[in-house]
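Given next are the chains, with one letter for each unit.
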2 protein chains.
Amino acid sequence: MRVEVPLQSAYKLVNHGPTTLVTSAADGRANVMAAAWVCALDTDPPKVTAVISSDSFTRELVEKSREFAVNLPTVELAQATLQAGRSSGREGDKLARLGLKTAKAGKVGAPLVEGCVGWLECRLLDEPAMRERYDLLLAEVVAAWADDRVFVDGCWRFEGAPALRTLHHVAKGTFLASGERVEAGPDGKGVLRKPGVL
Amino acid sequence: MRVEVPLQSAYKLVNHGPTTLVTSAADGRANVMAAAWVCALDTDPPKVTAVISSDSFTRELVEKSREFAVNLPTVELAQATLQAGRSSGREGDKLARLGLKTAKAGKVGAPLVEGCVGWLECRLLDEPAMRERYDLLLAEVVAAWADDRVFVDGCWRFEGAPALRTLHHVAKGTFLASGERVEAGPDGKGVLRKPGVL
């Protein structure tokens, strides 16, 4: 179930570097794109950075609305995530084309993609020079949500639901799923814990 | 073996969102800190962003030298990575205290941490307002290296060497190892490939 995450814990949703789907909406049109270069910037108030190309339809919608949402797709959504990065929303409703269902966000106009496991609702910060020079968007997170089957007590716990693991883009349509937990052990090494044995 | 990565492929080292060790050096002193908020910013010339707190010793050294290196620790280095994030280099040589051996970088003064599997040598871009307002450093990658046991043909391939998998910080000393490969399949779902079966 999608439950609200306290804002001061929002950065924990993206701490582990997942690939994202960025959604946007303006003038009655909505869009989705894949973005691997989304990163936490601050904890309280939470902020993120996102690299969104100036020639993308998403960027056009974000510049108009000053808002976007970061959605965290799962292993099950790998194909849709790949396709979201390979076609433009200018060619028609990409969300529909990819078979992605959405829900209304709480505070922004951009929709939330169902089947994802984490969501950040974001409002653009007033840093136009960064967008112009680097396609780098800075934004404040104004609401955050997570699937409580895998985000428990402010921590990702994928071990009981491997199909809900997040994706981490490598290259050319290849992702790595988020893997086993590693607890920093007292012997100077990491202690690997396999899914299901925690 | 550590081999040079062509600059246009440097972004692929951090595409999947690994936690990093940031090294720095100035005035004959070197330091290391853990930084989860490091992200690709551009491909050619390659650039990265890194969030480095203004009160850290690393930040002091980076402001002086205008350089730093991003090192990608493995599961074996989980404990050192955790400790690197929990103490300050102002209290003495943190690299020695953590038992981390280093090698000379090719183009920057910051050292490269041995036992890591990827390295980006970085020169600060002239964006002081971002550092002052957000502790956000923008930098150009001037050299890149990877361990050729796990970075093959421009792609991470951890399946033969699970101990060399990268770390992804969740919270409170817990990391996720990079996991199985997921190929975006034609049936609309991701196809999981387990380590060793490729």
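Computed from a predicted model, the values in this text were never measured in an experiment. (Residues numbered from 1 in each chain as written. Chains lettered and ligands numbered in written order. Predicted model: local features only at pLDDT ≥ 70, side-chain atom pairs only at ≥ 80, totals over all residues. Heavy atoms only, no water.)

Enquirer: I keep staring at helix 1 (residues 57-65) of chain A and nothing clicks. Help me out?
Expert: Each full turn of the α-helix corresponds to 3.6 residues, which orients residues three or four apart in the same direction. Residues and elements named next belong to chain A. For helix 1, the set of buried residues is Phe57, Thr58, Arg59, Leu61, Val62 and Ser65. Check the buried side of helix 1 and you find it contacts strand 2 (20-26), strand 3 (29-35), strand 6 (67-72), strand 9 (118-124), helix 4 (128-134) and strand 10 (136-147). Positioned one or two residues after helix 1, Arg66 has a phi angle of 65°, which is positive. (Buried < 20%, exposed > 50% of the residue type's maximum accessible area, 1.4 Å probe, protein only. Helix = DSSP H or I, 4+ residues; strand = E, 2+ residues; numbered from the N terminus. Contact = heavy atoms within 4.5 Å.)

Enquirer: Looking at this structure, I do not really get the state of the cysteines. What am I missing?
Expert: Disulfide: a covalent bond formed between the sulfur atoms of two cysteine residues. A complete count under the given rule lists 0 disulfides over all chains for this structure. Cysteine A:Cys116 remains unbridged, with the sulfur of A:Cys122 as its closest cysteine sulfur at 13 Å. Judged by its relative accessible area of 3%, A:Cys116 is buried. Of all cysteine sulfurs, the one in B:Cys39 lies closest to B:Cys155, which takes part in no disulfide; the gap is 18 Å. (Disulfide = S-S within 2.5 Å.)

Enquirer: Help me out: how do you make sense of the packing of aromatic side chains in this one?
Expert: Aromatic ring pairs are described here by two measures, namely the spacing of the ring centres and the angle between the planes. Enumeration over the complete set of coordinates arrives at 6 aromatic pairs over all chains. Between B:Trp156 and B:Phe158 the ring centres are 5.0 Å apart and the planes differ by 10°, which places this aromatic pair in the stacked class. The exposure class assigned to B:Trp156 is buried, which follows from its relative accessible area of 1%. Members of the aromatic cluster, each reached through a chain of ring pairs, are A:Phe151, A:Trp156 and A:Phe158. Directly above the aromatic system of A:Trp119 lies the positively charged group of A:Arg2, at a separation of 5.7 Å from the ring centroid. Stacked on the ring of A:Trp145, the Lys or Arg A:Arg2 has its end atom at 4.6 Å from the ring centre. (Phe/Tyr/Trp six-rings, centres within 6.5 Å; stacked < 30°, edge-to-face > 60°. Lys NZ or Arg CZ within 6 Å of the ring centre and 35° of its normal.)

Enquirer: Can you walk me through the relation of the copies chain B and chain A in this structure?
Expert: Each of the two chain copies can be brought onto the other by rotation about an axis and movement along it. Under the fitted operation, chain B is carried onto chain A by 0.0 Å of movement along the axis and a turn of 180°, and the coordinates agree to an RMSD of 0.0 Å. Here the symmetry operator amounts to a two-fold rotation axis. Comparing contact sets, 100% of the residues at the interface of chain B also lie at the interface in chain A, consistent with an isologous, same-surface contact. (Least-squares fit on C-alpha atoms with pLDDT ≥ 70 in both.)

Enquirer: Would you mind showing me how to read the interface of chain B and chain A here?
Expert: For interface size, the figure often reported is the accessible area lost on association. At the junction of the two partners, chain B supplies 57 residues and chain A supplies 57 residues. Of the roughly 4700 Å² buried where chain B meets chain A, counting both sides, 59% is carbon and sulfur surface. Interface area lost by chain B to chain A is led by B:Trp37, B:Tyr134 and B:Leu176, which between them contribute 15%. Our count for the contact surface shared by chain B and chain A stands at 4 salt bridges. Between B:Glu127 and A:Arg133 there is a salt bridge whose closest N-O contact spans 2.7 Å. There are 24 residue pairs in polar contact (both at pLDDT 80 or more) connecting chain B and chain A. Tallied by class, residues from the side of chain B that touches chain A come to 29 nonpolar, 15 polar and 13 charged. (Buried area = accessible area lost by both parts, 1.4 Å probe. Salt bridge = Lys/Arg side-chain N within 4 Å of Asp/Glu carboxyl O. Polar contact = N/O pair within 3.5 Å; in protein donor to acceptor, adjacent residues only side chain to side chain. Nonpolar A, V, L, I, M, F, W, Y, C, P; charged D, E, K, R; others polar.)

Enquirer: Looking at this model, I keep getting lost on the nonpolar core. Mind explaining?
Expert: Counting residues in each nonpolar core, the largest one holds 90 residues, and the members touching the most others are A:Phe68, A:Leu120, B:Phe68 and B:Leu120. The residues contacting A:Phe68, other than those within four sequence positions of it, are A:Val22, A:Thr23, A:Ala50, A:Val62, A:Val108, A:Ala110, A:Leu120, A:Glu121, A:Cys122, A:Leu124, A:Leu137 and A:Ala139. Of all hydrophobic cores here, the second largest spans 19 residues; its members include A:Leu21, A:Val32, A:Ala84 and A:Ala105. (Core = buried A, V, L, I, M, F, W, Y, C linked by side-chain atoms within 4.5 Å.)

Enquirer: Teacher, can you tell me more about the pairing of strand 4 (residues 38-43) of chain A here?
Expert: Two faces make up the sheet, and in a regular strand the side chains alternate between them. All names here are of chain A. Sheet topology note: the strand 4/strand 5 (residues 46-51) ladder contains 5 bridges and is antiparallel. Opposite Ala40, over in strand 5, you have Val48 as the bridge partner. Here strand 4 hands over to strand 5 after 2 residues, the two strands then running antiparallel side by side. (Pairing = 2+ DSSP bridges.)

Enquirer: Which parts of the structure should I look at to understand empty space enclosed by the protein?
Expert: Empty space among the atoms becomes apparent when a probe as large as a water molecule is rolled across them. Summed over the entire model, instances satisfying the criterion amount to 3 cavities of 30 Å³ or more. Looking at the largest cavity, its volume works out to about 110 Å³. Taken together, 16 residues make up the lining of the largest cavity; nearest its centre are A:Gly17, A:Val38, A:Cys39, B:Gly17 and B:Val38. Only strand 4 of chain A together with strand 4 (38-43) of chain B provide two or more residues apiece to the lining of the largest cavity. Of the residues forming the lining of the largest cavity, the biggest block, 3 residues, is contributed by strand 4 of chain A. Classifying every residue of the lining of the largest cavity gives 12 nonpolar, 4 polar and no charged. (1 Å grid on protein atoms, 1.4 Å probe; cavity = no way out; pocket = protein on both sides within 12 Å on 5 of 7 lines; lining within 4 Å. Points joined across faces, edges and corners; volume = space filled by probe spheres on them.)

Enquirer: Could you clarify how one ought to interpret the pattern of salt bridges in this entry?
Expert: If the charged atoms of two oppositely charged side chains come close together, the side chains can form a pair. Scanning the model with the defined rule gives 30 salt bridges over all chains in all. For the salt bridge of B:Lys47 with B:Asp42, the shortest nitrogen-to-oxygen distance reads 3.2 Å. With relative accessibility at 14%, the residue B:Lys47 sits in the buried group. A residue is classified by how much of its surface remains accessible, and B:Asp42, at 27% relative accessible area, is partly exposed. Linked through salt bridges whose partners overlap, the residues forming this network are A:Arg59, A:Glu63, A:Arg66, A:Arg131 and A:Asp135.

Enquirer: Just checking my understanding: could you explain unusual backbone geometry for this structure?
Expert: Excluding glycine, most residues fall at negative phi; most peptide bonds, likewise, are trans. With an omega dihedral of 0°, the bond running from A:Asp44 to A:Pro45 counts as a cis peptide bond. Here A:Pro45 shows up in the loop between strand 4 and strand 5. Unusually for a residue other than glycine, A:Arg66 sits at a positive phi of about 65°. As for its position among the elements, A:Arg66 is in the loop between helix 1 and strand 6. The phi dihedral of B:Asp153 is positive, around 50°, even though this residue is not glycine.

Just distances and angles here, no functional claims.
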